[in-house]
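So the chains spell out like this:
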Amino acid sequence: MSTDLSQHADGAPIDARAAESPGGRRILGVSVGATLAMMTLTLLASVVNYGSNLVFSRILTPAGYGDFTALIALTVIAAVPSGAAQTVVADRLAAYSALGDTRTIAYLIRHAAAHVLLYATVLGLVYIATIPLITDLMGLQSTGSAIALAPMLILSFFTPVAFGILQGLERYVALGLVMLWIAISRIIFGVPWALSNFGHGPGGAFLGMAVGNLTAVLAVWWIVRHQRAPAGTGAARAGIRRRMDTKTVAAGGAFMGFAFLSNFDVILAKLVLDGHSSGEYAALATIEKIVVFLPGAVALLMVPSAAKARASAGSARRVLRVSAMAVLGATALVALPAIIAPRFIIETMFGSGYSQASGGVIPIALAGLGLALLYLLVVYTVAINDRRWVLLLVGGMGLQVVAILLYHRSPTQVATAQAVTVWLVLLINEILFHPLVRATRWARLGVTA
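As the structure is a computational prediction, the values presented were derived from the model and not from experiment.

Draft legend 1. Examining the overall build of the chain more closely. A tally of helices and strands in the chain yields 18 helices and two strands. Per-residue burial over the chain gives 56% buried out of 449 residues. Within the chain, counting contacts between residues at least 6 apart in sequence, those at least 24 apart form 80% of the total.

Draft legend 2. Looking closely at the packing of aromatic side chains. Enumeration over the complete set of coordinates arrives at eleven aromatic pairs. With centroids separated by 6.5 Å and ring planes inclined at 85°, the aromatic side chains of Tyr-65 and Tyr-354 adopt a geometry described as edge-to-face. Here Tyr-65, found in helix H2 (residues 62-78), pairs with Tyr-354, found in the loop between helix H15 (342-350) and helix H16 (361-383); they are 289 residues apart in sequence, far enough to count as distant. A single burial state applies to Tyr-65 and to Tyr-354, both of which are buried. Centre to centre, the rings of Phe-189 and Trp-193 are 5.9 Å apart; their planes meet at 40°, and the pair counts as tilted. Of this pair, Phe-189 and Trp-193 both sit in helix H8 (residues 172-195), four residues apart, which is roughly one turn of that helix. Among the aromatic residues, those joined into a ring-pair cluster are Phe-56, Tyr-65, Phe-68, Phe-206, Phe-350 and Tyr-354. For the cation-ring pair, Arg-225 lies above Trp-222, with the distance from its terminal atom to the ring centre recorded as 3.7 Å.

Draft legend 3. The arrangement of the pattern of salt bridges in detail. Going through the model one piece at a time under the given rule, you end up with three salt bridges. With its nearest N and O atoms 3.2 Å apart, the salt bridge here joins Lys-289 to Glu-288. Classification of Lys-289 as buried rests on a relative accessible area of 11%. Taking the relative accessible area as the measure of exposure, Glu-288 reaches 0% and is therefore buried. We note a salt bridge from Glu-347 to Arg-343, for which the minimum N-O separation is 3.3 Å. Of the two residues, Glu-347 and Arg-343 both sit in helix H15, four residues apart, roughly one turn of that helix. Judged by relative accessible area, Arg-343 falls into the partly exposed class, the value being 46%.

Draft legend 4. Broad picture of the side chain of Gln-413. Take Gln-413: it is sitting in helix H18 (residues 411-432). Gln-413 gets classed as buried once you look at its relative accessible area, which sits at 19%. Setting aside residues no more than four positions away along its own chain, Gln-413 makes contact with Tyr-407 and His-408.

Draft legend 5. Quick peek at unusual backbone geometry. Unlike most non-glycine residues, Glu-170 shows phi in positive territory, near 60°. The phi dihedral of Asn-385 falls on the positive side, at around 65°, and the residue is not glycine. Tracing the backbone through its elements, the reader meets Asn-385 in the loop between H16 and helix H17 (390-406).

Draft legend 6. Quick look at a nonpolar patch on the surface. Together, Leu-399, Val-420, Leu-424, Leu-427, Ile-428, Ile-431 and Leu-432 line one region of the surface with nonpolar side chains, adding up to about 520 Å² of accessible area. Among the elements that line the nonpolar patch, the one with the most residues is H18, at six residues. Note that Val-420 resides in helix H18. Taking relative accessible area as the criterion, Val-420 reaches 46% and is therefore assigned partly exposed.

Draft legend 7. Fine view of the nonpolar core. If you look at the biggest cluster of nonpolar residues, it comprises 86 residues, and the most contacted ones within it are Phe-68, Phe-206 and Tyr-281. When residues of this core are sorted by domain, at least three fall in each of domain 1 (29-230) and domain 2 (245-435). If you look at the next biggest cluster of nonpolar residues, it comprises 35 residues, including Leu-261, Leu-376, Ile-384 and Trp-389.

Draft legend 8. Main features of H15. Taken together, the buried positions of H15 are Ile-345, Ile-346, Met-349 and Phe-350. Looking straight down H15, one finds that the buried residues subtend no more than 90° of arc, so they occupy a single side.

Draft legend 9. Broad picture of the packing of H17 against H18. Across the interface, H17 lies against H18 with an axial gap of 9 Å and an inter-helix angle of 155°. It follows from the interaxial angle that H17 and H18 lie roughly antiparallel. Where H17 crosses over H18, the two elements pack in a sense that is right-handed. The residues of H18 that touch H17, namely those facing Leu-392, Leu-393, Gly-396, Leu-399, Gln-400, Ala-403 and Ile-404, are Val-414, Ala-417, Gln-418, Thr-421, Leu-424, Val-425, Ile-428 and Asn-429. Residues that form the contact of H17 with H18 fall into these classes: ten nonpolar, five polar and no charged.

Quick notes on the rules
Residues numbered from 1 in each chain as written. Predicted model: local features only at pLDDT ≥ 70, side-chain atom pairs only at ≥ 80, totals over all residues. Heavy atoms only, no water. Helix = DSSP H or I, 4+ residues; strand = E, 2+ residues; numbered from the N terminus. Buried < 20%, exposed > 50% of the residue type's maximum accessible area, 1.4 Å probe, protein only. Contact = heavy atoms within 4.5 Å. Phe/Tyr/Trp six-rings, centres within 6.5 Å; stacked < 30°, edge-to-face > 60°. Lys NZ or Arg CZ within 6 Å of the ring centre and 35° of its normal. Salt bridge = Lys/Arg side-chain N within 4 Å of Asp/Glu carboxyl O. Patch = residues over 30% accessible without salt bridge, like charges linked within 9 Å, V, L, I, M, F, W, Y side chains within 5 Å. Areas by Shrake-Rupley, 256 points an atom, 1.4 Å probe, with all protein chains shown as cover. Core = buried A, V, L, I, M, F, W, Y, C linked by side-chain atoms within 4.5 Å. Domains from an automatic or database assignment. Arc of directions from axis to C-beta. Axes fitted to C-alpha atoms, helices over the stretch in contact; angles between N-to-C directions. Parallel < 35°, antiparallel > 145°, perpendicular 65-115°, else oblique. Left-handed = near helix turned anticlockwise from the far one by under 90°. Nonpolar A, V, L, I, M, F, W, Y, C, P; charged D, E, K, R; others polar.

This is the structure in structure tokens:
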């Protein structure tokens, strides 16, 4: 069997043929029932996930919560390649599913799992070797927290690929349940371990997250047991040997750019602020992440829908615009309370120890609103294989570093620098790349979508 996963098993391009979508009421190409179930489950998962962050902010000191949030940000940035893999895997599985090619789907599932195993092993070993350096550079209170992060970091390479498999196969209810379980496990295991001497503070939270990720990956592997290729087909060997092509590099670059923009502010705050102030900014960053990822279900729905739209109509622009409207509405509702009553929000969520950061709530909520739209664009550009768009994020990364290094006397200033960076990136995208407001792009700069 060919290992060129851009082609159908018989050698035809994956977008050469397409099956018609079944009838019935659908949202972004997905049945209303499945859409509502998945959105409900992912919403619950997000609520529980960030609810656990609030618990950790109260059982840890502000400095300890700063360590926790900074290490989580490091994990997100380090595990970026598998985040890109989620979109690539989901897009390809959806395309083959539209063609009814179950043979290639089975091959691709095992191929993708083996491919990510290689990266998880190599990068996990690199992280373990650099733990002393990371502890020193980030000014962590304990090396134990960095050590406890290792299992969770390694497993974090596998969970996005597992999500991508369920996403591409349109197993949305299963996907929502798996995401909910991961969130619940942070509280079930992470909170008791964080409170005990065994967990060493933030380390206990990381161990709890590792348990959730491990059981989730095993559950997904069992769910697709009848759809994945058996051992002996050569899919795993091909996955381990497979080298990254330009599409994979561009996809990884796009997700790395987003991970950098949405997480490196926390690491910079840890470096430029004192321990207590970095903990205050960690609280602001938690609000930002709530705004960013609560409407994440829209992006999950968009990838298979975009793949089918390209196969049938040759363009997925309408899918992007509809998805952007949904994200904007959802994030605006989430951000509105923070904008109206910032001090009440931060004291209610994190306690009076974080009240001095209330001035940063409005800018960080606006940053979260912009990042939610930016994440949608990341997923969209990876799905349509727009390799130039990543250059926009590279510029945004440089702008973020410069802005925060120049403007960081308080958590509020860092939050403001973050918001300005994100909205400047969106403005440039609107003018030059994939507009979310304008009806058309400049023809001379157009990219077929």
